[in-house]
Amino acid sequence: QFVSLRQRILSAVQKNATRGDPRSVIRAIDQFCSQKEWAMNVGNEKGCILDSVVSEVNPATVLELGTYCGYSTVRIASLLPPYAKFITLEFNPDFAAVARQVIAWAGLEDKVQLVEGASSDWIPKIKEQFGIKTFDLVFLDHWKEHYLSDTKLMEECGLLRKGSVLLADNVICPGAPDYVEYVRSSPRYKSHYFRSHLEYTKAEENLWYLGIIE
Ligand SMILES: O=C(NC/C=C/[C@H]1O[C@@H](Sc2ccncc2)[C@H](O)[C@@H]1O)c1cc([N+](=O)[O-])cc(O)c1O
Ligand SMILES: [Mg+2]
């Protein structure tokens, strides 16, 4: 019968990765997506940039928008200090179900809370539901047309502070032009981009790094 791409990614992890070894989970997904079928994981090239930003920020609180199969969730969670609080929001229950199993295979289920639902519904509830004041790091990788509205919503909900870092995937491809325009023209943000390539391809892409300066 038909097996979905997300199921094939999960099977590749269960077949080729070692339980409790996050790096082997990442490698298994990257091998599957570069050799068998493309999927919209952030991938290894941009993933290394993500790793360096996580290591540099060394965040106590992290929010990921768009879990998908949990690839970037595993990359981030494997680098966090023990006391860190990491929330990842996923709208699609089928992707959430696969991501939970990928995160568990990596042995990181205690490091991250996967919350199902829409970011626009959950962002206003995070403070009281999870006891988080502000986020040190936010990784945006969900619907590109929601980057701007969700960033404004996080500002309005007081979830961002001076020093918070926002890292956005796909500002070139598929693109988030309104978001780039807003942050580039806002005095609140110091921004720059990391040149890279679209996952598993040679297409030009950037990760968009934003530091909140006031
Ligand atoms: O479309 C892309 N990503 C959209 C990702 C969406 C993910 O986030 C939620 S939506 C949601 C909504 C609200 N709250 C949480 C999650 C979806 O269920 C999916 O898991 C994309 C596309 C390409 N590409 O090349 O076409 C490359 C990429 O790297 C991409 O990230
Ligand atoms: Mg992406």
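All of the points below concern the structure found in this document. Since the structure is predicted, the reported quantities are computational estimates derived from the model, not experimental observations. (Residues numbered from 1 in each chain as written. Chains lettered and ligands numbered in written order. Predicted model: local features only at pLDDT ≥ 70, side-chain atom pairs only at ≥ 80, totals over all residues. Heavy atoms only, no water.)

**Remarks on the site of ligand 1**
Working step 1: Near ligand 1 you find 21 residues, and of these Glu90, Asp141, Lys144, Asn170 and Glu199 are the closest.
Working step 2: Side-chain polar atom of Glu199 to an oxygen atom of ligand 1: 2.6 Å apart, as the coordinates give it.
Working step 3: Against a free-state accessible area of 670 Å², the protein chains account for coverage of 88% of ligand 1.
Working step 4: Of the residues that constitute the shell around ligand 1, the class distribution is 10 nonpolar, 6 polar and 5 charged. (Near = heavy atom within 4 Å. Polar contact = N/O pair within 3.5 Å; in protein donor to acceptor, adjacent residues only side chain to side chain. Areas by Shrake-Rupley, 256 points an atom, 1.4 Å probe, with all protein chains shown as cover. Nonpolar A, V, L, I, M, F, W, Y, C, P; charged D, E, K, R; others polar.)

**Notes on the side chain of Asn170**
Working step 1: By the secondary structure assignment, Asn170 is in the loop between strand E5 (165-168) and helix H9 (171-175).
Working step 2: The exposure class assigned to Asn170 is buried, which follows from its relative accessible area of 3%.
Working step 3: A polar atom in the side chain of Asn170 sits 3.3 Å from the side chain of Asp169. (Helix = DSSP H or I, 4+ residues; strand = E, 2+ residues; numbered from the N terminus. Buried < 20%, exposed > 50% of the residue type's maximum accessible area, 1.4 Å probe, protein only.)

**Quick look at helix H2 (residues 22-35)**
Working step 1: In this model H2 runs 20 Å from its N-terminal to its C-terminal C-alpha over 14 residues, within 8% of the 20 Å that 1.5 Å per residue would give.
Working step 2: The set of residues buried in H2 consists of Pro22, Ser24, Val25, Ile26, Ala28, Ile29, Asp30, Phe32 and Cys33.
Working step 3: In this structure, the buried residues of H2 make contact with helix H1 (5-16), helix H3 (43-57), helix H4 (71-77) and helix H5 (93-105).
Working step 4: Backbone nitrogen of Arg23 and a side-chain oxygen of the N-cap are separated by 3.1 Å at the start of H2; the cap is Asp21. (Expected span 1.5 Å × (residues − 1). Contact = heavy atoms within 4.5 Å.)

**So, the coordination of the magnesium ion (ligand 2)**
Working step 1: Taken together, the protein ligands of the magnesium ion (ligand 2) are Asp141 (OD), Asp169 (OD) and Asn170 (OD1), with distances of 2.0 to 2.2 Å.
Working step 2: In the primary structure, the donors to the magnesium ion (ligand 2) are separated according to the pattern D-x27-D-N. Taken together, the residues span a long stretch of sequence, with Asp141 in the loop between strand E4 (137-140) and helix H8 (147-156) and Asn170 in the loop between E5 and H9 at a distance of 29 residues. Like Asp141, the residue Asn170 is buried in the burial classification. (Donors = N, O, S within 2.8 Å, 3.2 Å for Na, K, Ca; no water.)

**Observations regarding unusual backbone geometry**
Working step 1: Between Cys173 and the following residue, Pro174, the backbone shows a cis peptide bond with an omega angle of 5 degrees.
Working step 2: Assignment of secondary structure puts Pro174 in helix H9.
Working step 3: Backbone geometry at Tyr68 places phi at a positive 55 degrees, although glycine is not the residue there.
Working step 4: Its location among the elements puts Tyr68 in the loop between strand E1 (61-65) and H4.
Working step 5: Classification of Tyr68 as buried rests on a relative accessible area of 12%.

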